[in-house]
Every structure is written in structure tokens, then in C-alpha cells.
There are 2 protein chains.
Amino acid sequence: MTLTVGVIGGGQLARMMIPPAVELGIQLRVLAESEDSSARLAATAVGDYRDLDTVLEFARGVDVITFDHEHVPQPVLHALVDAGVAVRPGPDALAIAQDKLLMRERLEAIGAPVPAWAPVESERELTAFLRGSGGRAVVKTARGGYDGKGVRFVRSASEVADWFGALAEDGRGGALLAEELVEFDRELAQLVARRPSGDVVAWPVVETVQQGGVCAEVFAPAPRSAGSTAAADLAVSIATGLDVTGVLAVELFETPRGRLLVNELAMRPHNSGHWTIEGSTTSQFEQHLRAVLDLPLGVADARHPWTVMINVLGGPAEGSLQDRYPVALAAAPDVKVHAYGKDPRPGRKVGHVTAWGDDLDDTVYRGRAMSAHFE
Amino acid sequence: MTLTVGVIGGGQLARMMIPPAVELGIQLRVLAESEDSSARLAATAVGDYRDLDTVLEFARGVDVITFDHEHVPQPVLHALVDAGVAVRPGPDALAIAQDKLLMRERLEAIGAPVPAWAPVESERELTAFLRGSGGRAVVKTARGGYDGKGVRFVRSASEVADWFGALAEDGRGGALLAEELVEFDRELAQLVARRPSGDVVAWPVVETVQQGGVCAEVFAPAPRSAGSTAAADLAVSIATGLDVTGVLAVELFETPRGRLLVNELAMRPHNSGHWTIEGSTTSQFEQHLRAVLDLPLGVADARHPWTVMINVLGGPAEGSLQDRYPVALAAAPDVKVHAYGKDPRPGRKVGHVTAWGDDLDDTVYRGRAMSAHFE
């Protein structure tokens, strides 16, 4: 038996599947967007993931198709299934990740706690929602948003007039998602992995720090959450309730009263799980491969009291991350650097660093000191 | 700056350089022996490492050439240097690894403790050596031996008559290496990494268990050696004295009186260092890449009290390692499996497993239980 996994999308998530694939002797094939994709080492095809023929051709001979992102169109996903290809997560689960309105509906249907929300099809409806929620709301496009894109904090419906206009032009109708502005103390993320046979494994819940809608830092496990399984229980119920296979990331708000509300879902390895590469016995990338191949899952513990992951956003204004290695690696010989093989660009995720230790403050300090070398 | 490392040889050592190269954004190029080499994912050329044109062509545009094995002929190494290519370790250091007689000479010259030895050019000379060493000796061919090949335990010179015959046929003359049969309690291995600028970093010394001349198990750190820097000091002096760059493995005998004697040297990542992939902050494969690129070295600690590495020798009589995953991964979800992408064959190193924990016996037990699934 040779195990062959096809990954649609050649970003850093596909790239970070390469090391565990090498270790386990799994053949990884990547359908990349361009020749110079982050996962180019494993790319066996370059093409458009929206093109059915391209994707069907790519999928020939793999044991399972999985994803670097959630943007593959539903008709393509269903055609793969019809052709007898194992697709994990499956089209129905991915549909939920692809549409924030559907996600809210389905989460509510399985009893998961979410912020107050409503679909709004017009400025008039949004104005009504605003009246009911203290004059403030978060408005999101149902489709296509990520890393803070497609999200606005509004006090007036006119602030998203352009989005309503675009919906009208689209001709298919549709709605925006309006949500209450949740007062929260902090954001958490809970990652789990689930195999088709049903087994689910949860990593420790982590705290995520966002900057401008983009994940900047992750503290694992989340401080002051030791012993609580609330987030894990919730994520397990979501993975099971929505029939997700592979890694599922559940982004959460923690309210001042300690209540958890689901903010977003991602059905793939996730930025909040990069700490697991060094920090857990089983990394999210290895676990995702095991899960989509329906292999037994690995232990998802924390190997050290604290692990801190810090994104390298943007990267050096001139040159590459590697230009900084002679100084950076000397300054922090105990912090691990991950470079994604992407050209630096303001705000772009071009890498991350991981530190661990017995003291949280010290670990955060060492991680930030290292990441500062790449600014 | 793009960092590009060319590796001559496509075995599992080159393969295990792929994950850290991906993580650090180092471009790895491998000159492999065949299309289906263990390191095929990173192979950019397939050819004969003894062919000068093949190697020179392969070396174009790399920052440094390094090795999966020590068999590249001296004329090829020197031609690379003459062509302006950085070769690490360099030809003079590799010459010592390539010739056991030269190795003994040079080790003695820098004051490293070695077993009593002599070059023997005839059965008559070997008979004389046997008389002086209690009637027993280890005889080794000066070149070409590894994993127990080219090594015999003899009581009579006639037992290596064929080797003397081959030396005579060779026409170049030469000698065999005769060594006293050292009484030792156990075998240790000390790995260090050294950059061209001189910095050297040592991992904890480990105990190695050999079966039929092949490394079977490694316990890290070596039990009862806590706090002793004798092996590390010795290996650092050898790396410096012989001007080795990259990873140097020093295989040692520990005598009943606690004396250390150098058995063998390897100037590359080594089987006794596979535990570092999970067990140390910096794996030997990452460190080797950093060292040959003359980048600052990483911390070479032990992340847990005990780490145990067990080789998978031979592999399943039928099928592949992967065929065993459904049962093996379920039985030991906290033990890591490394498969080398090589077909099973009796005695062949086709993979290894790594376990870690707070108790040595338990860790050994878990490792052996996992490796047994691949027999």
C-alpha cells in the first residue's frame, strides 16, 4: 500500500504538510496556483482549482483529496465525489465553511453558541438589526472573506452600501451576515481532528491575539484555561455535528463571564495550530494527513508547559528572511524559524517562529525577540 | 539571499534533511543514485557521484555541497574545490573518514584515545599482531566498510586471507587495519556540529546498541552519563583537530573502567542522532544544514528526560511499512514513525521509530512495541 494524498492549493498550509508526509512515507501531491507557490517542492500540477478537468486530472490515482484552503467550488467537489474520489472534508462540510450564513444556521441547528446574528438583504434590514443591537454590528460578506477581509464594524447601514450594491449586481440575490458586536475578554481557538470512522482528538485550547483581523500570536495552552474541556467539548460536537473530517479549527470569543461563542470555523490546518509542529507530540499537519487517510490519530498533547507561536507578517522591507539568519539565529538559538518561501510584502504571512519553555512571559519574550529580527 | 544546499547521495540521511530545509526555507538539491532514491522528493539530478562532470554540473549555483555518505572520490572533491565550490566537510577531513588507517593515524596524532592498532600488509604481520594482543583481533579493510561490512573478528591471519589477496590483486599495495579486541561495557556515540567559523555544539552523549554490526537502538542521553562532558570534550577536540564541518559522529567504546576509546567517525548526520528529530530543540539534520551554510548553530539539548530511537531493520516480509499503520498507529499514538521510502529487504534500514518520556524503561518498551509492528 502506498499512501497518496492530493492537496488542492499550494500555500503554506500545504507546504507544512511536506515534513510529516516525508516522515510517514506518505506521497504528497499538490495542485498549486503558480510555479512559485509556497508548496512548490510537492507540486505535481499547476492549474486553476476552479477548473473541473484540471482537478479531475490531478485527482487521478490519489487515495484522498484534501485542501490548503476552502475555496474549491461545490460543483468541482461534487464531481470529484461522483468520480469516486475520497474528498475530505467532504462537499457538505465545506459548504458550511464557504458560506458564513449557512455556517451560522448549521451551528445554531446543532446547538453551538454563536453571537446574535441575522441575514440582511438590504440597508433597511441592517438598520433594523442595528437598532436591536445597540447601534453597532459586525457585517460580513457570506463568501470570500478571510484574514479580516470581508468584515466591517459598522454603526450605520450606509457603511456597507457597496456590498449591498455588489449583491444586487450579482443578480443571484443573497444577503450579508449581521452580527452583534460581542464584548469579549479574549479570543481562543480550539483545534480538533476527526477521521471518517468517527474518532476525534483535541489539542489543548489556545489563546490567539489578532492584529487588524490577522492572527499575530498564539499562546498554548490558553492561560487560565487549564483543566477546562469546554472548548474541546464544543469543537468535538461541531466536528461530529457537521461531519467534518481532517483538522477543524474553531475560533472562539470568551466573554467576561467565561462564556464561549463560536466566531469562525476553518476546515483545514489553521494558523492557530502552527505551535503544534514543535509543541505537540502530533502536529496538526501530521494529524490532518492521518485523519484524511482514515489512519489512527496521534496524541495531541502539549510537550512543554508553554509554547508560543508568533507570525512573521510582511517580512523585511528589503531582502529575504534568510538575509536575517546570521543575526537572528545567533540571538535566539532555541527558537525555531519557519519560512514559507514567499516574497515579503506588507501584511503577508511569510513565516512564523515558535518558542517554548516553563515560564510564559519568558517564552513570549524569546519568541517576540526572534520575530523582531524579521521585520 | 537564497540559501541552496547541494547534497551528494539520495539516501535516508538526505531525505531527513528535507523537513528542516522546508522549515528554514533552504533550497535543497540532491544528486541521487537512482530515480527511486529515498530522497527523491528533493532530487534535482540522478547520476554517478564518482563522475566528475556529473558532480560539477550538479554543483552549479549551490552555496555549498555536502553529503549523504562519505564515498565521493578525492579527485572529485578536489575538483569541486578548485572550481570554487564550498565543500563541507572538506576533502581533507573526508579523506580521514574514507580510510580507517589514516583515521587511526590522525586520531593518534591529535591525542584522541584509540584501541591499540597497526597496519598489517601480510598474514605474517597480522600473525605478529595477534601474538601481541592475546590471540584475538578485529581486522578491518581500510576502505569501503560500513554497518559491519569490512569488519571481521579473527583468531588466525588465515581468516582474512581473501582480503590480503584482494590487496595484492589491487596492485596499489596497501594494508588492513588490525585492532585489539576492546573489552567494553557498552558503546556510546557523541554527535557534535561545527561551522567553518569554528563554533561547535554538542548534543548529549547517547548509548547505542548494535546488532550484527548495525545500530539497532539508541538511548538518549546515555544512562549513567549525566553530567559527564568527557565524550563531548573529546568529540569537540576531534572536530576541531581534524577540521570537520557539519555534523560529526564519534562512535565510542566505554571500558569497564569508564575509559572512552574512539571506534569510528562519521562526518555527516548519523543513525545515532535520529533521536534529535523529536528529542532535541535542534535536530542533527537542521544543524547540519546550518553548519555547512556557516549559519549560527541551534541549541542541542534533550527536550525530555529520555528519548529512545529504534531502527526498523528489514521491514515486513510482505507489503510496506504503511500496510501496518492502521494497527501500529492505533497501538502507539504517542510514538513517532519515520519511513524512508525504501522497499523492505532483510537487514535494510527502512525506517525508525522514536519514543520519549520521563521513565527510561517505559520509553524503551513503547518504542520496541511500535517497532515490532513493522517486523
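Going by what an unreviewed UniProt entry lists, chain A is known as N5-carboxyaminoimidazole ribonucleotide synthase and is assigned to Lysobacter korlensis. Note on chain A: under the UniProt heading Pathway (unreviewed entry), the record states "Purine metabolism; IMP biosynthesis via de novo pathway; 5-amino-1-(5-phospho-D-ribosyl)imidazole-4-carboxylate from 5-amino-1-(5-phospho-D-ribosyl)imidazole (N5-CAIR route): step 1/2."

Asks: I keep staring at the relation of the copies chain B and chain A and nothing clicks. Help me out?
Replies: In this arrangement, two copies of a chain are superimposed by a rotation about an axis accompanied by a shift along the axis. Laying chain B over chain A is done by rotating through 180° and shifting 0.0 Å along the axis; what remains is an RMSD of 0.0 Å. The relationship between the two copies is best expressed as a two-fold rotation axis. Taking C-alpha positions as reference, the residue of chain B nearest the rotation axis is P19 of chain B, located at 2.2 Å. The overlap is high: 100% of the interface residues of chain B also sit at the interface in chain A, so the same surface is used on both sides.

Asks: Which parts of the structure should I look at to understand the sheet that holds strand β7 (residues 151-154) of chain B?
Replies: Two pairing modes exist for strands in a sheet, parallel and antiparallel, and in both the strands are linked by backbone hydrogen bonds. Residue and element names in this part refer to chain B. A sheet is described by the order of its strands in space; here four strands give the open sequence β5-β8-β6-β7, paired in antiparallel fashion. On the outer flanks of this sheet lie β5 (117-120) and β7, each paired with one strand and no other. Recorded for the sheet is a direction-independent mean angle of 25° between the axes of neighbouring strands. Against the sheet, helix α7 (residues 123-132) makes contact with β5, β6 (137-140), β7 and β8 (176-179), and its axis sits at roughly 160° relative to β5, the strand it touches most.

Asks: Mind showing me how you'd approach the pattern of salt bridges here?
Replies: Side-chain pairing between opposite charges can occur once the charged atoms of the two side chains come close. All names here are of chain B. Evaluated as defined, the whole model comprises 38 salt bridges over all chains. R50 serves as the salt-bridge partner of D48, at 3.0 Å between the closest nitrogen and oxygen. The closest approach of N and O atoms between E264 and K100, which form a salt bridge, is 3.5 Å. Of the two residues, E264 is situated in strand β14 (residues 260-266) and K100 in helix α6 (residues 100-109); the sequence distance between them amounts to 164 residues. Assigned by exposure class, E264 and K100 land together as buried.

Asks: How do you make sense of the packing of aromatic side chains when you look at a structure like this?
Replies: Geometry of an aromatic ring pair is reported as the spacing of the ring centres plus the angle between the planes. Residues and elements named next belong to chain A. Evaluation of the coordinates by the stated rule reveals four aromatic pairs over all chains. Relative to F253, the ring of F184 lies with its centre 4.6 Å away and its plane at 20°, an arrangement referred to as stacked. Highlighted residues: F184 in the loop between β8 (176-179) and β9 (186-194) and F253 in strand β13 (residues 246-254), separated in sequence by 69 residues. Using a relative accessible area of 9% as the deciding quantity, one classes F253 as buried.

Asks: Help me understand helix α13 (residues 360-372) of chain A in this model?
Replies: Quick reminder: α-helices carry 3.6 residues per turn. Residues three or four places apart thus point the same way. Residue and element names in this part refer to chain A. In a regular helix each residue adds 1.5 Å, so 13 residues correspond to 18 Å; α13 covers 18 Å between its end C-alpha atoms and thus fits that length. Along α13, the residues classified as buried are L360, T363, V364, R366, G367, M370 and S371. Down the axis of α13, the smallest arc covering the buried residues is 165°, so these residues share one side. Summarising the geometry of α13, the exposed residues directed more than 90 degrees from the buried face are D361 and Y365. Contacts from the buried residues of α13 go to β12 (214-220), β15 (306-313), α12 (325-331), β16 (336-339) and β17 (349-357). Where α13 starts, the residue carrying a side-chain oxygen 3.3 Å from the main-chain nitrogen of D361 turns out to be D359.

Asks: Would you explain unusual backbone geometry in this entry?
Replies: Backbone phi values are negative for most residues with the exception of glycine, while trans is the configuration of most peptide bonds. Residue and element names in this part refer to chain A. Here the residue pair R88 and P89 is connected by a cis peptide bond, since its omega of 0° sits within 30 degrees of zero. Here P89 lies in the loop between α4 (74-82) and α5 (91-98). Following A220, the chain continues to P221 via a peptide bond in cis, the omega torsion being -10°. Checked against the element boundaries, P221 lands in the loop between β12 and α9 (230-241). Of note in this structure, D294 is not a glycine but carries a positive phi near 55°. Its location among the elements puts D294 in the loop between α11 (284-292) and β15.

Asks: It is not clear to me how the UniProt feature "binding site: ATP" (unreviewed entry) in chain A should be interpreted in this structure. Could you clarify?
Replies: Residues and elements named next belong to chain A. Annotation from UniProt places "binding site: ATP" (unreviewed entry) at K100, K140, E179, E180, L181, V182, E187, N263 and E264. Locating K140 in the fold gives a position in strand β6 (residues 137-141). Excluding anything up to four places from it in sequence, K140 contacts K100, R104, G150, V151, W163, L176, L177, E179, N263 and E264. Among the secondary structure elements, E180 is positioned in the loop between β8 and β9. Taking the relative accessible area as the measure of exposure, E180 reaches 27% and is therefore partly exposed. Each residue touching E180, except ones within four places of it in the same chain, is listed here: P115, A116, F129 and V138. A polar contact is formed between the side chain of E180 and the backbone nitrogen of A116, at a distance of 2.8 Å.

The rules behind these values
- The residue numbering used here restarts from 1 in each chain and proceeds along that chain's sequence as written.
- Each chain gets a letter, beginning with A, and each ligand a number, beginning with 1, in the order they are written.
- The predicted origin of the model limits local features to residues at a pLDDT of at least 70 and limits the giving and counting of side-chain atom pairs to 80 or more, whereas totals for whole chains, interfaces and linings rest on all residues.
- Processing note: side-chain calculations cover all non-hydrogen atoms of the structure and skip hydrogens and water entirely.
- UniProt positions are given in the numbering used here, feature names are shortened, and annotations may be inferred rather than shown by experiment.
- To superpose the copies, least squares is applied to the C-alpha atoms of every residue with a pLDDT of at least 70 in both.
- The criterion used for residue contact is that any of the two residues' heavy atoms lie within 4.5 Å.
- Strands are treated as partners if at least two bridges between them are detected by DSSP.
- Labels follow the DSSP assignment, with helices taken as runs of H or I lasting at least four residues and strands as runs of E lasting at least two, numbered in each case from the N terminus.
- Axis definition: a line fitted to C-alpha atoms, limited for helices to the stretch in contact. Angles are taken between N-to-C directions and run from 0 to 180 degrees.
- Salt bridges, as used here, are contacts in which a Lys or Arg side-chain nitrogen is within 4 Å of a carboxyl oxygen on Asp or Glu.
- Working definition: with a 1.4 Å probe on protein chains only, accessible area under 20% of the residue-type maximum means buried, over 50% means exposed, and in between means partly exposed.
- Put simply, two rings from Phe, Tyr or Trp (the six-membered ring, in Trp's case) pair if the centres are within 6.5 Å, and we call them stacked under 30 degrees between planes, edge-to-face over 60, tilted for the rest.
- An expected span of 1.5 Å times one less than the residue number is assigned to each helix.
- Arc definition: directions from the helix axis to the C-beta atoms.
- Within 3.5 Å is the distance limit for a polar contact, defined as a pair of N or O atoms, with the added protein rule that one can donate a hydrogen and the other accept it, and that residues adjacent in sequence qualify only through two side-chain atoms.

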